[in-house]
Amino acid sequence: MQNFVYANPTKIFFGKDQVNNLGKEIKNFASKILLVYGGKSIKENGVYDKVISQLNNYKIEFHELPGVVANPRISLVEKGVEICRLHDADLVLGVGGGSVIDTAKTIAASVKFNGKPWELFTKSMPINEALPIAAVLTTAATGSESNNCAVITNWERQEKRMISSEVLYPKFSILDPQITYTMLPSQTVFGGIDIIVHILEQYFHNDSFTPIQDGFCETLLKTVINNLPIVLKNGRNYNARANIMWASTLALNGILSTGVLSDWATHAIGQEISAIYDIPHGESLAMVWPSWAMYVYTNNCKRFKQYAVNVWDLSESNKNDSDIALEGIKITKNFFDQLKAEAQINPLQLKVKDEDIELMAKKATENGPIGNFKKLYKEDVMTILRRSF
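Treat the numbers as computed from the prediction; the structure is a model and nothing was measured. All chains use their own residue numbering, which begins from 1 and follows the written sequence. Given that this is a predicted model, residues contribute local features only at a pLDDT of at least 70 and side-chain atom pairs are listed and counted only at 80 or more, while totals for whole chains, interfaces and linings are drawn from all residues. Heavy atoms throughout the structure, all of them, feed into the side-chain values; hydrogens and water do not.

Colleague: Help me understand empty space enclosed by the protein in this model?
Modeller: Summary: where empty space remains is shown by rolling a probe the size of a single water molecule over the atoms. In this analysis the probe radius is 1.4 Å and the grid spacing 1 Å, with only protein atoms considered; a cavity is a set of points the probe fits into but cannot get out of, a pocket is an open set with protein on both sides within 12 Å along at least five of seven lines, and lining residues have an atom within 4 Å of a point. Grid points are joined across faces, edges and corners, and a volume is the space filled by probe spheres set on the points. Here the structure, examined in full by the defined rule, presents one cavity of 30 Å³ or more. There is about 50 Å³ of room inside the largest cavity. Considering the residues around the largest cavity, the lining is formed by Ala-140, Met-183, Thr-188, Leu-228, Arg-241, Ile-244 and Met-245. Throughout this entry, Asp, Glu, Lys and Arg are counted as charged residues, while Ala, Val, Leu, Ile, Met, Phe, Trp, Tyr, Cys and Pro are counted as nonpolar. The remaining residues, Gly among them, count as polar. Its residues placed into classes, the lining of the largest cavity shows five nonpolar, one polar and one charged.

Below is the structure:
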């Protein structure tokens, strides 16, 4: 196990009707806010009215920025910065999923930045200041509600990039599993796959003597795997929704990566696919992870065997490590396919040009090889991409 420092300052309000704490908690930080959200879903499911009621009850001035989409755009961030500066907003509240919260985080950092927002993603400079950030989570997927990262797309440049900073942790986040009852089946599936791959990125490492981290990962994986089929059959099953939502937060709040060198190659490759083809993030991960696993498993076959045995309960009898490892990879891919079939998600039909594969591989590795489980260079990434489509 490696040395580490762990701190997570985000305050979590978890459970039924926790939105009732919103106004009081905001008042600890601000009196004027920017409210960021996506489309009509939060107005249809009643979340918007609850949020507005809290803001009005506590006499919090707010200005709205709707329109966040999947693979959130830097162009909307720029509009949000203008609104914040015009009205002197002193907190950014994201009501939505990871795309909304990432947009809120980027706006909060950009308001304090003397330059164009996209420069935060392209210039190697520390982000030392941001407006306070808060979140009301409406989907279980990215873990952005309790981490210090944000991912934004520049559609004109076909680039998807990430920033991270200690100042990007939300001050607080409200997690009510009831809010996720109205998630579309496709959102549930791709959100669930995102959670699973977040965990896998941190599980597949080459460090030794990490039973605590491994146990955390294996328990969270089994929790998500067991509960996703339940919510696809009954979207209003509170306990299943609650377990998935909490697993989503724990999957990417930093606790799983303590003392280990995580991988993140699958995410690096998947982001390049989404930047060009604008497909759901979870869809890209479902495509890439099995191909990545098949490409790298021989680098540490015992780790893949452990995954297959401890997560999927595969038997070790009369099989060598390689066979068990391959079976675990196959079961994972089949599980992803099964989820998509149960949610009636049509098979993805992408006409991928070879020049796009080369471009994606080039961008993924433009700062050097990616991944830590096995270092991947441009040609490696091109091979994985070709096997993914």
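Colleague: Before we go on, may I ask you to explain the sheet that holds strand S5 (residues 133-137) in this structure?
Modeller: In a beta sheet, neighbouring strands are held together by backbone hydrogen bonds and run either parallel or antiparallel to one another. An order of S1-S8-S5-S4-S2-S3 is seen for the six strands of this open sheet, with the pairing classed as parallel. The open sheet has two edge strands with one neighbour each: strand S1 (11-14) and strand S3 (61-65). When the angles between neighbouring strand axes are averaged without regard to direction, this sheet yields 20°. One ladder, built from four bridges, connects strand S2 (residues 32-37) with strand S4 (residues 92-96); its direction is parallel. Looking at S4, one finds that Val-36 is bridged to Gly-94. Strands S2, S3 and S4 of the sheet are contacted by helix H4 (residues 74-87), whose axis makes an angle of about 160° with S3. Throughout, a contact is declared for two residues whenever any of their heavy atoms are within 4.5 Å. Structural elements are reduced to axes, namely lines fitted to C-alpha atoms, with helices fitted over the stretch in contact, and the angle between N-to-C directions of any two is expressed from 0 to 180 degrees. Comment: elements are numbered from the N terminus, with helices defined as DSSP H or I runs of at least four residues and strands as E runs of at least two. Relative to S1, helix H9 (residues 238-251) is tilted by about 170°, and along the sheet it contacts S1, S5 and strand S8 (172-175). Paired strands, in this sense, are two strands between which DSSP finds at least two bridges.

Colleague: What should I look at first to understand the side chain of Thr-103 in this one?
Modeller: Looking at where Thr-103 falls in the secondary structure, it is placed in helix H5 (residues 98-111). Here Thr-103 is in contact with Val-36, Val-68, Pro-72, Val-77 and Ile-152, once residues within four sequence places are set aside.

Colleague: Sorry, what's going on with the state of the cysteines here?
Modeller: Joining two cysteines, a disulfide is a covalent bond between their sulfur atoms. Disulfides are defined in this document as cysteine sulfur pairs within 2.5 Å. One pass over the structure, following the stated rule, counts zero disulfides. Left without a disulfide partner, Cys-217 is nearest to the cysteine sulfur of Cys-149, which lies 16 Å away. Look at Cys-217 and you get buried, because its relative accessible area is 1%. When accessible area is computed with a 1.4 Å probe and restricted to protein chains, residues below 20% of their type maximum are described as buried, those above 50% as exposed, and intermediate ones as partly exposed.

Colleague: Looking at this structure, how should I read the side chain of Asp-380?
Modeller: Within the element layout of this structure, Asp-380 appears in helix H15 (residues 378-388). It turns out Asp-380 is buried and unbridged, and the closest side chain with the opposite charge, Lys-374, is 5.6 Å from it. Within the structure, the side chain of Asp-380 is placed 2.7 Å from the backbone nitrogen of Tyr-377, a separation counted as a polar contact. Apart from residues no more than four positions distant in its own chain, Asp-380 is found in contact with Tyr-295 and Lys-375. A positive count includes Lys and Arg, and a negative count includes Asp and Glu. His and the chain ends are not counted in either. Whenever a carboxyl oxygen of Asp or Glu lies within 4 Å of a side-chain nitrogen of Lys or Arg, that contact is scored as a salt bridge. Under the rule applied, a polar contact is a pair of N or O atoms within 3.5 Å (in protein, one hydrogen donor and one hydrogen acceptor; residues adjacent in sequence only if both atoms are side-chain atoms).

Colleague: Just to check I follow, could you spell out the layout of surface pockets for this structure?
Modeller: Space inside the second largest pocket adds up to approximately 370 Å³. Forming the walls of the second largest pocket are 17 residues, and the residues nearest its centre are Met-287, Lys-333, Lys-340, Leu-348 and Ser-388. Counting residues per element, the ones that place at least two in the lining of the second largest pocket are helix H11 (281-296), helix H13 (321-342) and H15. If you tally residues by element for the lining of the second largest pocket, the top one is H11, at six residues. Broken down by class, the residue content of the lining of the second largest pocket amounts to nine nonpolar, three polar and five charged.

Colleague: Before we go on, may I ask you to explain a nonpolar patch on the surface in this structure?
Modeller: The patches reported here contain residues having more than 30% relative accessible area and no salt bridge. Joining distances are 9 Å for like charges and 5 Å for nonpolar side chains (Val, Leu, Ile, Met, Phe, Trp, Tyr). Calculation of accessible area relied on Shrake-Rupley with a 1.4 Å probe; when residues are assessed, cover is drawn exclusively from the protein chains displayed. There is a patch of nonpolar side chains on the surface, built from Met-1, Phe-4 and Tyr-6 and spanning about 310 Å² of accessible area. Met-1 gets classed as partly exposed once you look at its relative accessible area, which sits at 49%.

Colleague: I'm lost on the environment of Lys-330 in this one. Help?
Modeller: Considering the arrangement of structural elements, one finds Lys-330 in helix H13. Sequence spacing of Lys-330 and Leu-250 is 80 residues, and the spatial spacing of their C-alpha atoms is 26 Å.

Colleague: Looking at this structure, how should I read the pattern of salt bridges?
Modeller: Where side chains of opposite charge bring their charged atoms close, a pairing between them can arise. For the structure shown, the criterion picks out 18 salt bridges. Note that Glu-129 and Lys-112 form a salt bridge whose closest N and O atoms lie 3.8 Å from each other. Taken as a pair, Glu-129 in the loop between helix H6 (119-122) and S5 and Lys-112 in the loop between H5 and H6 lie far apart in primary sequence, 17 residues in all. Residue class for Glu-129 comes out partly exposed when judged on its relative accessible area of 45%. Here Lys-305 makes a salt bridge to Glu-316, at a shortest N to O gap of 3.1 Å. Note that Lys-305 is positioned in helix H12 (residues 301-312) and Glu-316 in the loop between H12 and H13, a separation of eleven residues in sequence. Overall, Glu-316 belongs to the partly exposed group, its relative accessible area being 43%. Among the ionic contacts, a cluster of salt bridges with common partners joins Glu-283, Lys-333, Asp-337 and Lys-340.

Colleague: Whenever I open this one, H4 confuses me. Can you help?
Modeller: Working rule for helices: expected span equals 1.5 Å times residues minus one. With 14 residues, H4 ought to run about 20 Å at 1.5 Å a step, and its terminal C-alpha atoms sit 20 Å apart, in line with that. Considered for burial, the residues of H4 that qualify are Ile-74, Leu-76, Val-77, Gly-80, Val-81 and Cys-84. The arc enclosing the buried residues of H4, seen along the axis, measures out at 145°, which places them on a common side. Away from the buried face of H4 by more than 90 degrees, exposed residues Lys-79, Glu-82 and Leu-86 are located. Directly after H4, the chain includes Asp-88, whose backbone phi takes a positive value near 55°. Summarising the geometry, the arc corresponds to the directions from the helix axis toward the C-beta atoms.

None of this, on its own, says anything about what the molecule does.
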